[in-house]
Amino acid sequence: MPPRAPSDPLPKSLVAVTAVTAIVDAVAFLGLGQIFTAFMTGNLLFLGFAAAGAEGLEPLGSGTAVAAFAVGAVVGSRLGAAMAADRYRLWLFTSASTAAVLLIAAALTALGLDLVEQRAPVPRHLVVIALTATAMGLRSATMWRLGAVLNTTLVTGTLVTLIRTSPVGGGGGGELQRYRAAGLMAVVVGAAIGTLLLRLGLTVALLVAAAGVLAGMGAYVANPASRRRPEA
């Protein structure tokens, strides 16, 4: 993928989506039994710990999140393969809308639901986990296809790339460096926002996340510059 023009709105949208992703994972980890529904690394580690007999770990929530995320990633990949080439903006709108609908469904399911204080979510918690993780899997597949060289939701890769391409790491910097750094900060800020929103309840936090998904991608699709589809 060639360097993006300074007026390209895509990097800013990717950073915004990263912040929303962190909001979702803050809500999931602190409110749904210490699991992740967007960044899957933690869930895989938890499953490994549980398989080796670590005490106090409940693999059901993590397993549900991984399975649902995979389903969402399949749906997102299929949408991209079917629509991205000739219906680029419609593809982005469809992807964002579907993810938002899933998050809204999760928010409605969470109405009146208590936060999970232990690693044993009840069935309704598992439904919320599954809906949220499916939305995040779809979003992740879309982000990967949309901006592979600046997929700031891949936090470890973003950090390594930031260091590797910096003057300290022997690179020459580049115009995407500030967006990579902004993406890392967006994770911290989003996690803090998610933590604060959780004080208002699971439903409110998930509705804000749904609005964030639509706003982040909607701002990109509405920008005339998005008509110039990025080269893959």
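Residues numbered from 1 in each chain as written. Predicted model: local features only at pLDDT ≥ 70, side-chain atom pairs only at ≥ 80, totals over all residues. Heavy atoms only, no water.

Visitor: Would you take a moment to explain the environment of L184 for this structure?
Guide: Its place among the elements puts L184 in helix 7 (residues 177-198). With a relative accessible area of 17%, L184 lands in the buried category. For L184 and L162, which are 22 residues apart along the polypeptide, the C-alpha to C-alpha distance reads 9.6 Å. (Helix = DSSP H or I, 4+ residues; strand = E, 2+ residues; numbered from the N terminus. Buried < 20%, exposed > 50% of the residue type's maximum accessible area, 1.4 Å probe, protein only.)

Visitor: Sorry if this is basic, but what is going on with the confidence of the model for the protein here?
Guide: Scored by pLDDT, the protein has a mean of 84; 81% of the residues are at 70 or more. Mean pLDDT values over the elements of the protein span from 69, in helix 6 (residues 155-164), up to 94, in helix 4 (residues 88-109). Here residues 1-6 scores under 50 on pLDDT; set against residues more than four positions off or in separate chains, the count is 15 contacts. (pLDDT = per-residue confidence, 0-100. Contact = heavy atoms within 4.5 Å.)

Visitor: Before we go on, may I ask you to explain the nonpolar core in this structure?
Guide: Nonpolar side chains tend to gather and get buried jointly when the protein is soluble and globular. Core analysis: the biggest nonpolar cluster contains 49 residues, and W91, L92, L103, L146, L206 and M217 have the highest contact counts within it. Looking at this core, the elements that each hand over two or more residues are helix 1 (10-31), helix 3 (59-83), helix 4, helix 5 (123-146), helix 7 and helix 8 (202-222). The leading source of residues in this core is helix 4, at 10 residues. Not counting chain neighbours up to four residues away, the residues in contact with L92 comprise T142, L146, M217, Y220 and V221. In this structure, V15, A19, Y179 and A186 belong to the second largest nonpolar core, which totals 5 residues. (Core = buried A, V, L, I, M, F, W, Y, C linked by side-chain atoms within 4.5 Å.)

Visitor: Even after reading the chapter, I still don't get the packing of aromatic side chains, so can you show me in this structure?
Guide: By convention here, two paired aromatic rings are described through the distance between centres and the angle between planes. Per the counting criterion, the structure on display carries 5 aromatic pairs. Each ring, one from F36 and one from F46, has its centre 6.1 Å from the other, and the planes form 15°; the classification is stacked. Of this pair, F36 sits in the loop between helix 1 and helix 2 (41-51) while F46 sits in helix 2, placing them 10 residues apart in sequence. Each residue in the set F29, F36, F46 and F49 is aromatic and connected to the rest through ring pairs, giving one cluster. (Phe/Tyr/Trp six-rings, centres within 6.5 Å; stacked < 30°, edge-to-face > 60°.)

Visitor: Please clarify how the side chain of H125 should be interpreted in this entry.
Guide: Inspection of the secondary structure assignment puts H125 in helix 5. Other than its neighbours up to four places away in sequence, H125 contacts L32, L113, D114, L115 and V116.

Visitor: Explanation requested: the side chain of S13 in the structure shown.
Guide: The residue S13 is located in helix 1 in this model. For S13, the contacting residues outside a window of four places in its chain are G216 and Y220.

Visitor: Teacher, can you tell me more about the pattern of salt bridges here?
Guide: Applying the stated criterion across every chain yields a total of 1 salt bridge. Residue R87 is joined to D86 by a salt bridge in which the shortest nitrogen-to-oxygen separation is 3.8 Å. By relative accessible area, R87 is classed as partly exposed at 39%. (Salt bridge = Lys/Arg side-chain N within 4 Å of Asp/Glu carboxyl O.)

Visitor: Can you walk me through the packing of helix 3 against helix 4 in this structure?
Guide: What describes two packed helices is the angle between their axes and the distance between those same axes. The N-to-C vectors of helix 3 and helix 4 enclose an angle of 160°; their axes lie 9 Å apart at closest approach. If you check the angle between helix 3 and helix 4, you find them roughly antiparallel. For the pair helix 3 and helix 4, the sense of crossing is right-handed. Between helix 3 and helix 4, the residues in contact are L79, G80 and M83 and Y88, L90, W91, T94 and S95, respectively. Here the contact of helix 3 with helix 4 is composed, by residue class, of 5 nonpolar, 3 polar and no charged. (Axes fitted to C-alpha atoms, helices over the stretch in contact; angles between N-to-C directions. Parallel < 35°, antiparallel > 145°, perpendicular 65-115°, else oblique. Left-handed = near helix turned anticlockwise from the far one by under 90°. Nonpolar A, V, L, I, M, F, W, Y, C, P; charged D, E, K, R; others polar.)

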